[in-house]
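Below, each chain spelled out in residue letters.
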Amino acid sequence: MGKKVLAVDDSKTMRDMVSFTLKGAGYEVLEAADGLLALDALGNQSVDLVITDINMPNMDGIGLVKALRQNPAYSSTPILVLTTESDDSKKNEGREAGATGWIVKPFEPEKLLKVVQKVCG
Amino acid sequence: MDEYEQFKTTYFAECAELLGDVEVQLSALSTGSEDPEVLHAIFRAVHSIKAGAGAFKYTQLAAFSHEFEALLDRMRDGRIPVTETGVSLLFRASDILSAMVESAESKTELTGNFGSQILDEISIMVNGKSSAPAASKETVNVATEDTSESEAVTVYLIDFAPKAELFKHANEPLLIVRELKTLGELSATPILNQLPPLGKMDGEEAYIAWQFKLTSKARLDEVEEVFEFVTEDCSLEITSEANLDATEMEEDIPVSEIGNPASPANTPPAAKGPVTAAKVTSIRVDLDRIDRLVNMVGELVITQSMLSQQTSDLPAEQFPSMVRGLEELALHTRELQESVMAIRMQPVKSVFSRMPRLVRELSAKLDKKVNLVTIGENTEVDKTVIEEISDPITHMIRNSLDHGLEGTEERLKLGKPEAGNVTISAEHRGGRIVITISDDGRGINRKAVLMRARERGLISETHTPSDDEIDNMIFAPGFSTAEKVTDVSGRGVGMDVVRRNIQALGGRVSIQSNPGKGSRFTMTLPLTLAVMDGMIVQAAGDKYVIPIPNIVESLRPPKSSLKQLPTGQSLVSIRGSYIPLCFLHRIFHLGGAITDPAEALVVLVESEEFGTTGIVVDELIGQQQVVIKSLESNYKSVAGISAATILGNGKVAPILDIEAIYRISQQDLRNSPLPTASDGLSGVLQDSLARTNPQLATPSIG
């Protein structure tokens, strides 16, 4: 195990929740509060998964997905976007930008782990 | 699940807010509101409560909110009419919900059949009968996850052919195979007949398809969920071969799991009031006070950037604590500014929520049936922007209803649904808010528009504009294509005003139209009118600001890439396309600037109005956040300039209005070969801003 996940969300509660759940399951978790900070936090190190919220200041989740996909180092890194219920347009926008999948907020910890395993094993 | 204790606090705070929302919306409903958003809002609130309850294992709360949600779902899509009895049931159900949330928070036990009477009533409404088992079947989805054990074994045949996109989204077929395996017994056969010879293989393509045979107790939707993320990136066919044990079909799920709602106990719900009253999560503040705060922070930002500029060459080893202090000041100033800006952010809901009423009134007046859909009403934007977007949106919706949508008869004749659809949506994109208003009406009658434009002399007889150009002519001053004047959108007066108003806010508006299918207005605006990210550029010694959202890239063009048309228009060739150049020094009549573009810098900017153009400047100074000061209120409006800002050295710098710049540059080419030099604009600005607003134009230090 010991897979590395980058969790990006401007809400600290949400970051805590994601981080806590994943760490409990043996993942290593990096955190960032928006897209730009996420790019900073990454530098050019490789991660096994990026989980990002969509609505964030400075650089939103869609922008982050695009930026990551343009970088060959992250072109095949799974990316999950956090969306809210009934927001299909965001799901599609995320997909078009290159996201791997999505998690609907608010989510149950089990669901999060299940989806994480689904895309990064 | 006590490890989640710390998150529960957040959950209950959220619940209090949501229940408060429900109260507000319910009272709107009871006073006869027909706004569909009301039921949507209640649904969302109950849904959120349910999701958290599921996460924290409050089974009774989860089960109840699930039923409540089912009722709301049917009400919001019209399957169950919203009657007086219905609304009264919603009220009582929300009381039960409040009580359950409260008991979960205070960790007190409620009786197992608490609220069962209401559940029974909901069940009667939802299923048309009071037998709870029917309802409980659906409940299984949320309340328990391990019921698959008791279900029949099915053999699924799955044909799965990934497309190349699947890999571009970083999905992985092998992980899908692995997940399928967790559902039951799996055999997989790869189908290799699409596989080309090795030499012709494209690493980015997908050639291998799969056929799976899955023997599983999982339901079809559980199997489908495995492919959730790839449904659009593959061709997928799932067929269930046989039910090996069909007798299981009738099996009932033990209702005791969810607090025994089937029990006929008629315990009346405890008369607890909503828990919302005690919790105050927001306060009202006079807008003036916030504006004052925003202004002061603006000044602070300017002072801070001045300080950091004046001390930039301070040797760090000599004044370590000073330098660190300044760095922290910069950081805190930025954070303070963001926090203050956030105070003024509001969801566009307040504007969107006015639209259903407008549409209802208009559709009655025009005798057209219209469905209005709103998307993204929680998108936040600065209060000042909200105030300004209401009119343009109203105008565009009027336009869509009056000119866009056909009459009922015409629609039926065209094979369209009787009711026209108008969608209004908002979202954040690249630091701006994008609002679109689309309809499925007749689209723009390009022939009529073109004829009218020629009639009015808006374009010459010889010029053949593109479809896009024609569509956007409706924004030209004094344009109307409506055959007759109606009292709804008048003479089409207004689309030019709409565009002008939006541009004054630093926004853009355009229309895309598809004849016979409909049209879509797209309006983008800055999130705030108080600050923006700007690129500082220099021309002839003066500094100007170009809004970052407009900038595509900047470059120093090689001589070979520069061309000039006989009209005098300079072009730069970039990656195979020719892009027109505007010379900043010509536009503002500046002497002493670099005139040869090969020696200067070209900033490529983009706009919906004209596409891409290159602005020729002497130098790039750097990127920074600038505080926007109105030109009109401090000086007077100047062509080519949307506003001004004050830089770190205390000097005023104009913020360029790139659309206007492009227009001026085109006009200059038509009118005269080269304008004569006059006094620099920046100097005039310095003086006037210093006069009218002395505290702004702080003289440079040192």
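This text follows the structure it describes.
Residues numbered from 1 in each chain as written. Chains lettered and ligands numbered in written order. Predicted model: local features only at pLDDT ≥ 70, side-chain atom pairs only at ≥ 80, totals over all residues. Heavy atoms only, no water.

A. Fine view of the side chain of H169 of chain B. Relative to the elements of secondary structure, H169 of chain B occurs in the loop between α7 (164-168) and α8 (173-181). Its relative accessible area of 8% is what places H169 of chain B among the buried residues. Contact partners of H169 of chain B, with chain neighbours within four places excluded, come to R69, R95, G98, A99 and T100 of chain A together with D233 of chain B. (Helix = DSSP H or I, 4+ residues; strand = E, 2+ residues; numbered from the N terminus. Buried < 20%, exposed > 50% of the residue type's maximum accessible area, 1.4 Å probe, protein only. Contact = heavy atoms within 4.5 Å.)

B. The interface of chain B and chain A, seen in detail. Taken together, the contact pairs 35 residues of chain B with 38 residues of chain A. When chain B packs against chain A, the two sides together hide about 2900 Å² of surface, and 51% of this comes from carbon and sulfur. Interface area lost by chain B to chain A is led by F7, H169 and F229 of chain B, which between them contribute 23%. Summed over the shared surface of chain B and chain A, the result is five salt bridges. Across the pair K111 of chain A and E225 of chain B runs a salt bridge whose closest N-O atoms are separated by 3.1 Å. Run the count over chain B and chain A and you get 10 residue pairs in polar contact (both at pLDDT 80 or more). Among the elements that make up the side of chain B that touches chain A, the one with the highest residue count is helix α2 (residues 36-55) of chain B (seven residues). Classifying every residue of the side of chain B that touches chain A gives 13 nonpolar, eight polar and 14 charged. (Buried area = accessible area lost by both parts, 1.4 Å probe. Salt bridge = Lys/Arg side-chain N within 4 Å of Asp/Glu carboxyl O. Polar contact = N/O pair within 3.5 Å; in protein donor to acceptor, adjacent residues only side chain to side chain. Nonpolar A, V, L, I, M, F, W, Y, C, P; charged D, E, K, R; others polar.)

C. Fine view of the packing of aromatic side chains. Enumeration over the complete set of coordinates arrives at eight aromatic pairs over all chains. Judged by centre distance (5.1 Å) and plane angle (55 degrees), the rings of F160 of chain B and F227 of chain B are tilted. Taken as a pair, F160 of chain B in strand β1 (residues 154-162) and F227 of chain B in the loop between α9 (220-226) and β4 (234-243) lie far apart in primary sequence, 67 residues in all. What makes F227 of chain B buried here is its relative accessible area of 0%. Seen in terms of ring centroids, W210 of chain B and F212 of chain B are 6.0 Å apart; in terms of plane orientation they differ by 5 degrees. Their pairing is stacked. F212 of chain B matches W210 of chain B in its accessibility class, with the two residues each being buried. Pairwise contacts between aromatic rings join F160, W210, F212 and F227 of chain B into one cluster. Positioned above the aromatic ring of F229 of chain B is the side chain of K118 of chain A, whose terminal nitrogen or guanidinium carbon lies 5.6 Å from the ring centre. Over the face of the ring belonging to F43 of chain B we find R76 of chain B, whose NZ or CZ atom lies 3.6 Å from the ring centre. (Phe/Tyr/Trp six-rings, centres within 6.5 Å; stacked < 30°, edge-to-face > 60°. Lys NZ or Arg CZ within 6 Å of the ring centre and 35° of its normal.)

D. Local environment of unusual backbone geometry. All names here are of chain B. The phi angle at A170 is positive, at roughly 60 degrees, despite the residue not being glycine. Following the sequence through the fold, A170 ends up in the loop between α7 and α8. In this structure A170 comes out as buried when scored by relative accessible area, which is 7%. Positive phi values are uncommon outside glycine, yet A540 reaches one of about 50 degrees. Turning to its location among the elements, A540 is positioned in the loop between β12 (531-539) and β13 (542-547). Take A540: its relative accessible area is 22%, and that puts it in the partly exposed class.

E. Focus on the sheet that holds strand β8 (residues 420-429) of chain B. Residue and element names in this part refer to chain B. On the basis of which strands lie adjacent, the open sheet formed by five strands has the order β6-β8-β9-β11-β10 and mixed pairing. Where the open sheet ends on each side, the last strands, each with one partner, are β6 (370-375) and β10 (508-514). Direction aside, neighbouring strands of the sheet carry axes that sit 15 degrees apart on average. The sheet strands contacting helix α14 (residues 383-404) are β6, β8, β9 (432-439), β10 and β11 (518-526), and the helix crosses β11 at an angle near 170 degrees. (Pairing = 2+ DSSP bridges. Axes fitted to C-alpha atoms, helices over the stretch in contact; angles between N-to-C directions.)

F. Quick peek at the nonpolar core. Residue and element names in this part refer to chain B. The biggest cluster of nonpolar side chains holds 46 residues, and the ones touching the most others in it are I389, I393, M396, I397, L401 and M523. When residues in this core are grouped by element, the largest group, seven residues, is from α14. Once residues within four sequence positions are removed from consideration, M396 is found in contact with I437, M495, V498, I502, V509, F521 and M523. Judged by nonpolar contacts, the second largest core, of 43 residues, contains A45, L89, I96 and V101. (Core = buried A, V, L, I, M, F, W, Y, C linked by side-chain atoms within 4.5 Å.)

G. The environment of R334 of chain B, seen in detail. Residues and elements named next belong to chain B. On the secondary structure map, R334 appears in helix α11 (residues 320-344). Accessibility expressed as a relative area gives 33% for R334, which makes it partly exposed. For the pair R334 and V301, spaced 33 residues apart in sequence, the C-alpha separation works out to 7.5 Å.

H. Structural view of the packing of helix α3 (residues 59-76) of chain B against helix α4 (residues 84-105) of chain B. Residues and elements named next belong to chain B. Running from N to C, α3 and α4 cross one another at 155 degrees; their axes reach a closest spacing of 10 Å. Of the possible angle classes, the one that applies to α3 and α4 is roughly antiparallel. Considering how the two elements wind past one another, α3 and α4 form a crossing that is left-handed. On the side of α3, the interface is formed by Q60, L61, F64, S65, F68, L71, L72 and M75, while α4 contributes G86, L89, L90, A93, S94, I96, L97, M100 and V101. Looking at side-chain class alone, the contact of α3 with α4 contains 13 nonpolar, four polar and no charged residues. (Parallel < 35°, antiparallel > 145°, perpendicular 65-115°, else oblique. Left-handed = near helix turned anticlockwise from the far one by under 90°.)

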